[in-house]
Amino acid sequence: MSTWIRGTKAPVTDELDVADLVVTEGVLPPISGRLVRMGPNPVGPVDETYQWFAGTGMAHAIDLDAGRPTRFVNRWVRTPEVSRALGEAPAVPSGPAVDIANTSAMVVGGELLAMTETCQPYVLDENLGTVRRQDFGAGVTEFTAHPHADPITGEVFAVGYGGNFDADCTLHRIDSDGTLLDRKHIELLGPRALHDLAITEQHVVVWDLPLEYADDDPGLFPYAWNREGAARVGLVDRRDLSAPVHWFDIDPCFVFHGLNAYDTDAGVVVDVVQFERIFDVDRTGPGDPYPPQLWRWEIDESTSTVQRTLVDERIQEFPKLDDRRTGLPYRYGYTVELMSAAGGHSLIAHDTCGSETQSWSTEPKKSLSEAIFVPESATAGENEGWLLAIDSDREHSDLVVFDATAVAAGPVGRVRLPQRIPDGFHGDWI
């Protein structure tokens, strides 16, 4: 059996819609909204070559009403593959070969999108039913798993690429209403995978790193580490996408996710989760012996240099922050430690302006999802609010809620969910 469908990653087979969940521990804060989680959930059997990133997408949602958990619902995203496997009429016409929508969820232009890179997003309704693909009114065919919205203007930036047989990508600028405003074609150093980007008030930050398309074995994940490949990070002028990219050479590394970025007098600061390399030894998933750690990149535009500093050496991923600080100077960020001393996962709360961090660990062999920040109120300060995550063992999943200012104290409330949510990737609070 593939490593990537065992234990807390094992797929579920049922689509549920359950009302009135039970708070099993503590008291939930009086917040109202929906937590959405996205991840791979194979709709049929898979073999030993199954790659975790390639599983068909499933959306999961938990609704809260003034702190009362009122609903759990989960649905496969009805890609053509899923519709065929379930014996249903197609929800959307046939599309690209890589069409899985399994990575993230976010509201763009008032619509909930299920996304992965290399294909169009899928629009989901309030019941997580699949409505259609989204092309932003401009024939966008390749999007991203990680759009970033400016908290002031509402503009959304995303970088899309195809299977990347070609050494390029396209940067999209989208209005707050979901209409494409502008796009920029960017030449890369090779046929590379770009999972994320970052924005500041003045720039879009893109990284051009040597994880490249490798058509060497049809049974393997089609991207592999290029040991001879160069690496660089680029700044794009947000105010003029037609201007040339300002590139800065860096030592080879790989980044799935940035935590945040902001402008400085000298240039730009970017905080990222950095791997030394990826998919070099293990192409079935991120199992290479090169642990992800939190790093800071300080880009100096006048000298065209990048100073890189290790911020936290623990093995961690899935960085998040208070979205109201996206692209702005910030203080607090949150990651998941993937291998804690206690044997489970840990939630880490970072103070980027100080030396102290807080953390809380799950029980051994349990997993913890990315933590989503929810402000206490519309006027609350940074870090004044709650962190929502999914805590899972082989049989069950719980919604756990933390006071963001006191993570080490553990969850203030816990809700047993009617079905386990398999380990996945990203989510959002709506």
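Refer to the structure printed above.
Residues numbered from 1 in each chain as written. Predicted model: local features only at pLDDT ≥ 70, side-chain atom pairs only at ≥ 80, totals over all residues. Heavy atoms only, no water.

Overview of the overall build of the protein
Part 1 of the argument: Each helix and strand in the protein was counted, giving one helix and 33 strands.
Part 2 of the argument: The C-alpha atoms of the protein give a radius of gyration of 20 Å, which matches the 22 Å a tight globule of 430 residues would have.
Part 3 of the argument: Overall, the C-alpha framework of the protein stretches about 55 × 50 × 45 Å when taken along its three principal axes.
Part 4 of the argument: Within the protein, contacts between residues separated by at least 24 positions form 56% of all contacts whose residues are at least 6 apart in sequence.
Part 5 of the argument: Surface accessibility of the protein: about 17200 Å² in total, with carbon and sulfur atoms responsible for 49%. (Helix = DSSP H or I, 4+ residues; strand = E, 2+ residues; numbered from the N terminus. Rg over C-alpha atoms; globule rule 2.2 N^0.38 Å. Contact = heavy atoms within 4.5 Å. Areas by Shrake-Rupley, 256 points an atom, 1.4 Å probe, with all protein chains shown as cover.)

A look at the environment of Leu 189
Part 1 of the argument: Here Leu 189 lies in the loop between strand E13 (180–187) and strand E14 (198–199).
Part 2 of the argument: For Leu 189 and Ala 167, which are 22 residues apart along the polypeptide, the C-alpha to C-alpha distance reads 6.4 Å.
Part 3 of the argument: The residues contacting Leu 189, other than those within four sequence positions of it, are Asp 208, Ala 230 and Arg 232.

Side note on the packing of aromatic side chains
Part 1 of the argument: This structure, assessed with the given rule, holds 17 aromatic pairs.
Part 2 of the argument: Among the aromatic side chains, those forming a connected cluster through ring pairs are Trp 4, Trp 52, Phe 53, Tyr 213, Phe 221, Tyr 223, Phe 254, Phe 256, Phe 275, Phe 279 and Phe 425.
Part 3 of the argument: Here Arg 232 stacks its cationic end above the ring of Trp 247, 3.6 Å away from the centre of that ring. (Phe/Tyr/Trp six-rings, centres within 6.5 Å; stacked < 30°, edge-to-face > 60°. Lys NZ or Arg CZ within 6 Å of the ring centre and 35° of its normal.)

With respect to the nonpolar core
Generally speaking, nonpolar side chains in soluble globular proteins are found buried as a group.
Part 1 of the argument: Among the nonpolar cores identified, the biggest contains 44 residues, and Val 205, Trp 207, Val 270 and Trp 297 are the most heavily contacted of them.
Part 2 of the argument: Trp 207 has contacts with Leu 194, Asp 196, Leu 197, Ala 198, Arg 232, Val 233, Val 255, Gly 258, Val 270, Val 272 and Trp 297, leaving out every residue within four places of it along the chain.
Part 3 of the argument: Ile 31, Leu 35, Phe 72 and Leu 399 belong to the second largest nonpolar core, which has 18 residues in total. (Core = buried A, V, L, I, M, F, W, Y, C linked by side-chain atoms within 4.5 Å. Buried < 20%, exposed > 50% of the residue type's maximum accessible area, 1.4 Å probe, protein only.)

Things to note about the side chain of Gln 120
Part 1 of the argument: Its location among the elements puts Gln 120 in the loop between strand E7 (111–115) and strand E8 (122–124).
Part 2 of the argument: Classification of Gln 120 as buried rests on a relative accessible area of 18%.
Part 3 of the argument: A polar contact of 2.9 Å, which involves the side chain of Gln 120, links it to the backbone oxygen of Val 140.
Part 4 of the argument: Among residues more than four places away in sequence, those in contact with Gln 120 are Arg 133, Gln 134, Asp 135, Val 140 and Thr 141. (Polar contact = N/O pair within 3.5 Å; in protein donor to acceptor, adjacent residues only side chain to side chain.)

A few points about the environment of Glu 376
Part 1 of the argument: In this fold, Glu 376 is placed in the loop between strand E29 (372–375) and strand E30 (385–392).
Part 2 of the argument: Accessibility expressed as a relative area gives 52% for Glu 376, which makes it exposed.
Part 3 of the argument: For the pair formed by Glu 376 and Gly 39, sequence separation is 337 residues and the distance between their alpha carbons is 27 Å.
Part 4 of the argument: In contact with Glu 376, not counting residues within four places along its chain, are Glu 384, Gly 385 and Trp 386.

With respect to the pairing of E13
Regular strands place their side chains on alternate faces of the sheet.
Part 1 of the argument: Judged from the seven bridges that link them, strand E12 (residues 168–174) and E13 form a sheet pairing that is antiparallel. When the bridges of E13 are listed, Ile 174 appears paired with Leu 180.
Part 2 of the argument: Following E12, the chain reverses through five residues before pairing antiparallel with E13; Gly 178 in that reversal takes a positive phi of roughly 90 degrees. (Pairing = 2+ DSSP bridges.)

Description of the layout of surface pockets
Part 1 of the argument: Taken as a whole, the second largest pocket spans an internal volume of roughly 880 Å³.
Part 2 of the argument: Lining the second largest pocket are 43 residues; nearest its centre among them are Met 106, Ala 149, Asp 323, Thr 326 and Asp 428.
Part 3 of the argument: When contributions to the lining of the second largest pocket are tallied by element, the ones reaching two or more residues are strand E6 (104–108), strand E10 (148–149), E14, strand E20 (254–263), strand E24 (316–321), E29 and strand E33 (426–429).
Part 4 of the argument: Looking at the lining of the second largest pocket residue by residue, the class counts come to 21 nonpolar, 14 polar and eight charged. (1 Å grid on protein atoms, 1.4 Å probe; cavity = no way out; pocket = protein on both sides within 12 Å on 5 of 7 lines; lining within 4 Å. Points joined across faces, edges and corners; volume = space filled by probe spheres on them. Nonpolar A, V, L, I, M, F, W, Y, C, P; charged D, E, K, R; others polar.)

Re the sheet that holds strand E9 (residues 130–133)
Part 1 of the argument: Pairing is antiparallel in the open sheet, where four strands are placed in the order E6-E7-E8-E9. The open sheet has two edge strands with one neighbour each: E6 and E9. Within this sheet the neighbouring strands show an average axis-to-axis angle of 35 degrees, counted without direction. (Axes fitted to C-alpha atoms, helices over the stretch in contact; angles between N-to-C directions.)

Focus on empty space enclosed by the protein
The rolling of a water-molecule-sized probe over the atoms marks out the regions of remaining empty space.
Part 1 of the argument: All chains considered together, the criterion is met by one cavity of 30 Å³ or more.
Part 2 of the argument: Quantified by volume, the largest cavity comes out at close to 40 Å³.
Part 3 of the argument: What lines the largest cavity is Asp 150, Pro 151, Ile 152, Ile 199, Thr 200, Glu 201, Arg 238, Thr 326, Gly 327 and Leu 328.
Part 4 of the argument: For the lining of the largest cavity, the per-class residue count stands at four nonpolar, three polar and three charged.

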